[in-house]
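Structural description and commentary
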Amino acid sequence: MTTPNRESESSEQSVKAPFSKPDNLFGYGISLAGIGAHVPDRCITNDDIATLVDTSDEWIQSRTGIKTRYVVSGDESVADLATEAAFQALASAGMQGSEIELIIVASSTPDTIYPAVACQVQTAIGAQNAAGFDMALACSGFVYGLIIAQQFLKTGMCKTALVIGADIHSRYTNWHDRNTCILFGDGAGAAILKAEKGASDNILASDLHLDGAKGMELTLFTQAENCPLVEPKTPVNDYVYMNGREVFKFAVGVVPKSIQQVLDRAGLSIDQVDHVVLHQANIRIMQAMSEKLNIPAERLIVNLDKYGNTSAASIPIALNEAVLSGRVKPGELLVMCGFGAGLAWATSIMRWTAVDQRLPQALKAEMQQCHDQLKVREAAAV
């Protein structure tokens, strides 16, 4: 992949995507088989935050859309959250951990550099035959992980993959900075992908991008120190830093273009999409994006008000709620787009085909009927 000229190109422009819809050379169709999520027990309200900084519930809601968020306590870890989300995804798919062959964990806030979070999840869920790794792309990490897992599955290298987005930003937040402490919550979300020989490919198109030239607009530094025998490293800010104005401009500039590129590759229009699941960053950002693409409010899946910005976990947490409520049904088209630190963004469009095994019997029967109708339409199209 060539490096763009930093002076002449930026994330504001429509750059030709280095990754596009792959040819189905190996004949494997990829589908999402299950979804799950988990957040800590402790809920922090806007009124709670108002005891730490000069703010109010009305001020926070009007600027972000957030009412509450959940944060870890004591020794809770990213691996703990990721494991619980993984168990939920397994239950959703009606699978056992031993059936998982690949684990990808997207996290920018792991408690350990090594062992990787993927290693900790592997042993916790009993996925003894799984390979895996971690990746750090913050808020776009989950969608990046889905697209990476798809490549492993399409070649037949493995048949099942568990993709997890998990972050704990409460430990890296300056709780005396009212511009950032109001935003973040902790949580994890997970999805299971399956490959089936000769089946329809339900991940229809994808798009990946980076604009590292603007990466310092949203940062979280590590605090490791140099060897005592050499000159010490310059101290750095050990909290999340965000240039909110620039991040807003970046997101509203690139995300609608990325979504449109993916729709074009799939041969679809935005009117054919049933649900749009954006990274739950800020309600103003999400509204500005939906206005640019003329996305009706009822098609935008939003749960930012309850969980805040959970970084890599935000998209699967939102999708999990929509599936459990019966809002997302088999056969419906979803667009997912993550964006944030890097600066990075990733978009994917897929058809939801799973019948969630956690649903109440009546709702599961309704979803099974939708699933069966989808199969009939697919068979008729062959």
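A few points on the structure.

Thoughts on helix H3 (residues 78-93)
Compared with the 22 Å implied by 1.5 Å per residue over 16 residues, the 23 Å span of H3 between its first and last C-alpha is a close match. Along H3, the residues that are buried comprise Val 78, Ala 79, Leu 81, Ala 82, Thr 83, Ala 85, Ala 86, Ala 89, Leu 90, Ser 92 and Ala 93. On the buried face of H3, the contacting elements are strand E1 (28-38), helix H4 (117-125), strand E6 (160-167) and strand E7 (187-197). Downstream of H3 by a residue or two, Gly 94 has a phi angle that is positive, lying close to 65°.

A short note on the packing of H3 against H4
Closest axis-to-axis distance for the H3/H4 pair is 9 Å, and the angle between their directions is 50°. On the basis of the axis angle, H3 is oblique to H4. Along this stretch, H3 crosses H4, giving a crossing that reads as right-handed. When H3 is examined against H4, the residues Val 78, Ala 79, Ala 82, Thr 83, Ala 86, Phe 87 and Leu 90 are found in contact with a partner set consisting of Val 117, Gln 120, Val 121, Ala 124 and Ile 125. By residue class, the composition of the contact of H3 with H4 is 10 nonpolar, two polar and no charged.

A closer look at the sheet that holds E6
The sheet built from five strands is open, its strands ordered E1-E7-E6-E4-E5 with mixed pairing. The open sheet has two free edges, formed respectively by E1 and strand E5 (131-135), since each of these has just one partner strand. With direction set aside, neighbouring strand axes in the sheet form an average angle of 15°. Looking at chain direction, strand E4 (residues 102-106) and E6 are connected through five bridges and run parallel.

Remarks on the packing of aromatic side chains
Applying the stated criterion across every chain yields a total of three aromatic pairs. Between Phe 133 and Phe 152 the ring centres are 6.4 Å apart and the planes differ by 40°, which places this aromatic pair in the tilted class. With Phe 133 in strand E5 and Phe 152 in helix H5 (residues 141-154), this residue pair connects regions lying 19 residues apart in the sequence. For Phe 152, a relative accessible area of 25% puts it in the partly exposed group. An angle of 70° between the planes, with centres 5.6 Å apart, marks the rings of Phe 250 and Trp 345 as edge-to-face. Placement of the pair is Phe 250 in helix H6 (residues 244-266) and Trp 345 in strand E13 (residues 344-351), with a sequence separation of 95 residues.

Concerning the side chain of Thr 310
Relative to the helices and strands, Thr 310 is located in the loop between helix H8 (304-307) and helix H9 (314-324). With relative accessibility at 1%, the residue Thr 310 sits in the buried group. Those residues in contact with Thr 310 that lie beyond four places of it in its chain are Asp 167, Gly 185, Asp 186, Gly 187 and Ile 317.

A word on the environment of Ala 136
Structurally, Ala 136 can be placed in the loop between E5 and H5. Ala 136 gets classed as exposed once you look at its relative accessible area, which sits at 57%. Considering only alpha carbons, one finds Ala 136 and Pro 110, 26 residues apart in sequence, at a separation of 9.3 Å. Sequence-distant contacts of Ala 136, that is, excluding residues within four places in its chain, are made with Ser 107 and Ser 108.

Some thoughts on the environment of Ile 164
Residue placement: Ile 164 occurs in strand E6. With a relative accessible area of 0%, Ile 164 lands in the buried category. In sequence terms Ile 164 and Ala 85 are 79 residues apart; their C-alpha atoms lie 7.7 Å from each other. Those residues in contact with Ile 164 that lie beyond four places of it in its chain are Ala 82, Ala 86, Ile 104, Val 105, Ala 106, Val 121, Phe 142, Gly 189 and Ala 190.

Remarks on the nonpolar core
Residues Val 255, Ile 259, Leu 263, Val 276, Leu 278, Phe 339 and Ile 349 are the most contacted members of the largest nonpolar core, which totals 49 residues. Those elements that place two or more of their residues in this core are helix H2 (57-64), strand E8 (203-210), H6, strand E11 (275-278), helix H7 (283-293), strand E12 (333-340) and E13. Residue contributions to this core peak at nine residues, all from H6. Discounting chain neighbours no more than four positions away, the residues touching Leu 278 are Val 255, Ile 259, Met 286, Met 289, Leu 300, Ile 315, Cys 337 and Phe 339. Listed in part, the 40 residues of the second largest apolar core include Ile 30, Ile 35, Ile 203 and Leu 334.

A few points about the sheet that holds E12
Pairing in this open sheet of four strands is mixed, and the strands run E8-E13-E12-E11 from one edge to the other. Sheet topology places E8 and E11 at the edges, where each strand pairs with a single neighbour. If you compare each strand with its neighbour and ignore which way they point, the axes differ by 10° on average. Alignment of E12 against E13, held across eight bridges, turns out to be antiparallel. Paired with Cys 337 across the two strands is Thr 347, which belongs to E13.

Notes on the pairing of E12
On a regular strand, one side chain projects to one face of the sheet and the next to the other, so that they alternate. Counted residue by residue, E12 has eight buried out of eight residues, so it is predominantly covered. In E12, alternate side chains face the same way, and those of Leu 333, Val 335, Cys 337 and Phe 339 on one face and Leu 334, Met 336, Gly 338 and Gly 340 on the other are all buried. Bridge count between E11 and E12: four bridges; the pairing is parallel. The residue bridging Val 277 from the neighbouring strand is Met 336, located in E12. Between the end of E12 and the start of E13, which pair antiparallel, lie three residues, with Gly 342 showing a positive phi angle near 145°.

What counts and what doesn't
- Residues numbered from 1 in each chain as written.
- Predicted model: local features only at pLDDT ≥ 70, side-chain atom pairs only at ≥ 80, totals over all residues.
- Heavy atoms only, no water.
- Helix = DSSP H or I, 4+ residues; strand = E, 2+ residues; numbered from the N terminus.
- Expected span 1.5 Å × (residues − 1).
- Buried < 20%, exposed > 50% of the residue type's maximum accessible area, 1.4 Å probe, protein only.
- Contact = heavy atoms within 4.5 Å.
- Axes fitted to C-alpha atoms, helices over the stretch in contact; angles between N-to-C directions.
- Parallel < 35°, antiparallel > 145°, perpendicular 65-115°, else oblique.
- Left-handed = near helix turned anticlockwise from the far one by under 90°.
- Nonpolar A, V, L, I, M, F, W, Y, C, P; charged D, E, K, R; others polar.
- Pairing = 2+ DSSP bridges.
- Phe/Tyr/Trp six-rings, centres within 6.5 Å; stacked < 30°, edge-to-face > 60°.
- Core = buried A, V, L, I, M, F, W, Y, C linked by side-chain atoms within 4.5 Å.

All quantities given are derived from atomic positions and should not be read as evidence of function.
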